[in-house]
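Coordinate analysis (summary)
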Amino acid sequence: MAAALTSQLHALVNNMFATGLLDDQFQQLQMLQDFSAPDFVSEVVTLFCDDGERIIGELARELDKPNVDFDRVDSFAHQLKGSSASVGAQKVKNTCIQFREFCQQRSRDGCLKTLDLVRTEFYDLRNKFQAMLQLEQQIQACYPKH
């Protein structure tokens, strides 16, 4: 059972790398996990997902205002770019770079289109992260704690 789940987990993570969702930073993150911090990756990924969802909501609210404060929008896009970079979320990070360019151009339309793309890429990654964490929990459940 555990071997099959582990195989599924490896296939999922390999696919995330192959499709460009993740970059080498995620591997760096995985290397920081050890027996003293067995939940390190899941905690960082969960924080990223929670923060990302909050930031995307803030971006949508700011862009919905009649007078967009592009500096504020840029600040939120910068936050999302930073947290994406820290977990290795390559596609989200790269889209945030585009997003920030539209902020600097003061282009509401460009920001709205890029927000849709960020949202799609973020939720795709979040769903895969959730599947990954679920598989990890199932694998851990196969090995009773002493």
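So, here's what we can say about the structure.

Focus: unusual backbone geometry
- Within the chain, Arg106 stands out as a residue other than glycine whose phi angle is a positive 60 degrees.
- Topologically, Arg106 is positioned in the loop between α5 (90–104) and α6 (108–141).
- Classification of Arg106 as partly exposed rests on a relative accessible area of 45%.

Concerning the packing of α5 against α6
- The N-to-C vectors of α5 and α6 enclose an angle of 165 degrees; their axes lie 9 Å apart at closest approach. Looking at the two axes, α5 sits roughly antiparallel to α6. By crossing handedness, the relation of α5 to α6 is classed as left-handed. Here Lys91, Val92, Thr95, Cys96, Gln98, Phe99, Phe102 and Cys103 of α5 come into contact with α6, specifically with Gly110, Cys111, Thr114, Leu115, Leu117, Val118, Glu121, Phe122 and Leu125.
- Tallied by class, the residues present in the contact of α5 with α6 amount to 11 nonpolar, 4 polar and 2 charged.

Structural notes on the environment of Phe70
- Here Phe70 is to be found in helix α4 (residues 70–87).
- Sequence separation of Phe70 and Arg54 is 16 residues, and the distance between their C-alpha atoms is 18 Å.
- Here Phe70 is in contact with Cys103, Arg106, Ser107, Arg108 and Cys111, once residues within four sequence places are set aside.

The rules we used
- Residues numbered from 1 in each chain as written.
- Predicted model: local features only at pLDDT ≥ 70, side-chain atom pairs only at ≥ 80, totals over all residues.
- Heavy atoms only, no water.
- Helix = DSSP H or I, 4+ residues; strand = E, 2+ residues; numbered from the N terminus.
- Buried < 20%, exposed > 50% of the residue type's maximum accessible area, 1.4 Å probe, protein only.
- Axes fitted to C-alpha atoms, helices over the stretch in contact; angles between N-to-C directions.
- Parallel < 35°, antiparallel > 145°, perpendicular 65-115°, else oblique.
- Left-handed = near helix turned anticlockwise from the far one by under 90°.
- Contact = heavy atoms within 4.5 Å.
- Nonpolar A, V, L, I, M, F, W, Y, C, P; charged D, E, K, R; others polar.

So far we have only geometry, and geometry alone does not tell us how the molecule works.
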